[in-house]
Amino acid sequence: GMSMNLLQLENKNIVVMGVANERSIAWGVAKRLLEVGANVIFTYRKERSKGKIEKQIANYTEHKTAIVECDVNSDDSIAQAFETIGNEFNVIHGIVHSVAFAHAEDLRNRFVETSREGYAFAQDTSAYSLIAVAKAAKPYMTEGGSIVTMSYLGAERVLEGYNVMGVAKAALEASMRYLAADIGADNIRVNAISAGAIRTLAAKGVPSFNQILHKIEETAPLKRNTNQEEVADMTIVMLSHLSRGVTGETIYIDSGYNIMG
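First, a word on what this report is: a plain description of the structure on this page.

Cut-offs applied
- Residues numbered from 1 in each chain as written.
- Predicted model: local features only at pLDDT ≥ 70, side-chain atom pairs only at ≥ 80, totals over all residues.
- Heavy atoms only, no water.
- Phe/Tyr/Trp six-rings, centres within 6.5 Å; stacked < 30°, edge-to-face > 60°.
- Helix = DSSP H or I, 4+ residues; strand = E, 2+ residues; numbered from the N terminus.
- Salt bridge = Lys/Arg side-chain N within 4 Å of Asp/Glu carboxyl O.
- Buried < 20%, exposed > 50% of the residue type's maximum accessible area, 1.4 Å probe, protein only.
- Pairing = 2+ DSSP bridges.
- Axes fitted to C-alpha atoms, helices over the stretch in contact; angles between N-to-C directions.
- Parallel < 35°, antiparallel > 145°, perpendicular 65-115°, else oblique.
- Left-handed = near helix turned anticlockwise from the far one by under 90°.
- Contact = heavy atoms within 4.5 Å.
- Nonpolar A, V, L, I, M, F, W, Y, C, P; charged D, E, K, R; others polar.

1. So, the packing of aromatic side chains
Phase 1 of the analysis: Across all of its chains, the model carries 4 aromatic pairs by this definition.
Phase 2 of the analysis: Ring plane angle 65° and centroid distance 6.2 Å describe the contact between Trp27 and Tyr60, whose orientation is recorded as edge-to-face. Separated by 33 residues along the polypeptide, Trp27 in helix 2 (residues 25-35) and Tyr60 in the loop between helix 3 (47-57) and strand 3 (65-69) bring together distant segments of the chain.
Phase 3 of the analysis: Centre to centre, the rings of Tyr152 and Tyr162 are 5.2 Å apart; their planes meet at 65°, and the pair counts as edge-to-face. Of this pair, Tyr152 sits in the loop between strand 5 (145-151) and helix 7 (163-183) while Tyr162 sits in the loop between strand 5 and helix 7; the two residues are 10 residues apart in sequence, bridging distant segments of the chain.
Phase 4 of the analysis: Through pairs of rings, three or more aromatic residues link up here, namely Trp27, Phe42 and Tyr60.

Below, the structure written as structure tokens:
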């Protein structure tokens, strides 16, 4: 693996938000972080996720971990979560924001039928949450650090069935850039990872997922799909000392698919 001292993540405190189960991109990142000696603080929303996280980290007892409840639709819950984390860990060095949600009917229906409430909810959960989290974490990011959010190609192109989530991801990427400009003076970097199609719980909501995977294999320069490990490795780089000169970027880990016409 990558040399630990190059990464400089050993004993750093990294908050990972959005592990639903072991197939989650966020879990791939957390696993790598634990492997390179970071302390990982997980935030969860549903009890079900908490149980899954506990099961996964049972194998990583030599590392300092914590699990904290956080509902990103609530300012109080976010403030409470980061206060709890701050009290226990003092300094936060990095955040992996892998949180997004939209109502199923707003993904199923024609885009023109997107409801006002559904639009607002997708924005609140998937884009505004990054700003709210950065604000709550900033007082504890006293040594600078790195915030990485998870996006998708639907932010910049129309992908069938992605609908209101595509608009939310576009807002997420713009928010990432404005945040990067704002808190860069505090030596906090903010970047987005745009991962290719990966079989996660979130992907289950996309009806044409198999066709998408097939199309990527045919079209992408590397002629294959990406996976959880590849996304995790690049995310680790973006959290680490190696990427210290990079902020405000959307980094594609998609076998090059996004460059093709």
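There is more to say, and it comes next.
2. Considering the pattern of salt bridges
Phase 1 of the analysis: This structure, assessed with the given rule, holds 6 salt bridges.
Phase 2 of the analysis: Between Glu88 and Lys64 there is a salt bridge whose closest N-O contact spans 3.6 Å. Of this pair, Glu88 sits in helix 4 (residues 75-89) while Lys64 sits in the loop between helix 3 and strand 3, and the two are 24 residues apart along the sequence.
Phase 3 of the analysis: A relative accessible area of 42% places Glu88 in the partly exposed class.
Phase 4 of the analysis: Note that Glu230 and Arg224 form a salt bridge whose closest N and O atoms lie 2.8 Å from each other.
Phase 5 of the analysis: With a relative accessible area of 27%, Glu230 lands in the partly exposed category.
Phase 6 of the analysis: Among the charged side chains, a salt-bridge network with shared partners connects Arg32, Glu35 and Asp233.

3. A look at the sheet that holds strand 1 (residues 13-17)
Phase 1 of the analysis: Strand order in the open sheet formed by 7 strands is 3-2-1-4-5-6-7, with parallel pairing between adjacent strands. At either end of the open sheet lies a strand with only one pairing partner, and these are strand 3 and strand 7 (250-253). Here the strands of the sheet are splayed against their neighbours by 20° on average, with no regard to which way each runs.
Phase 2 of the analysis: In the sheet, strand 5 pairs with strand 6 (residues 188-195) via 7 bridges, with the strands oriented parallel. Opposite Met150, over in strand 6, you have Ile193 as the bridge partner.

4. Topic: the pairing of strand 4 (residues 94-97)
Two faces, one strand: in a regular strand the side chains alternate between the faces of the sheet.
Phase 1 of the analysis: The side-chain alternation of strand 4 yields two buried faces, one formed by Gly94 and Val96 and the other by Ile95 and His97.
Phase 2 of the analysis: Relative to strand 4, strand 1 is paired through 4 bridges, and the arrangement is parallel. Bridged to Met17 within strand 4 is His97.
Phase 3 of the analysis: Alignment of strand 4 against strand 5, held across 4 bridges, turns out to be parallel. Looking at strand 5, one finds that Val96 is bridged to Val148.

5. A few points about the packing of helix 6 (residues 116-137) against helix 7
Phase 1 of the analysis: Two numbers describe how helix 6 lies on helix 7: the axes approach to 9 Å, and their chain directions differ by 20°. As summarised for this structure, helix 6 and helix 7 are arranged roughly parallel, according to the angle between their axes. Crossing angle aside, the handedness with which helix 6 passes helix 7 is right-handed. Each of Gly118, Tyr119, Ala122, Gln123, Ser126, Ala127, Leu130, Ile131 and Ala134 in helix 6 lies in contact with helix 7, whose residues at this interface are Val164, Met165, Val167, Ala168, Ala171, Leu172, Ser175, Met176 and Leu179.
Phase 2 of the analysis: Here the contact of helix 6 with helix 7 is composed, by residue class, of 14 nonpolar, 4 polar and no charged.

By themselves, these observations are geometric and do not establish any function.
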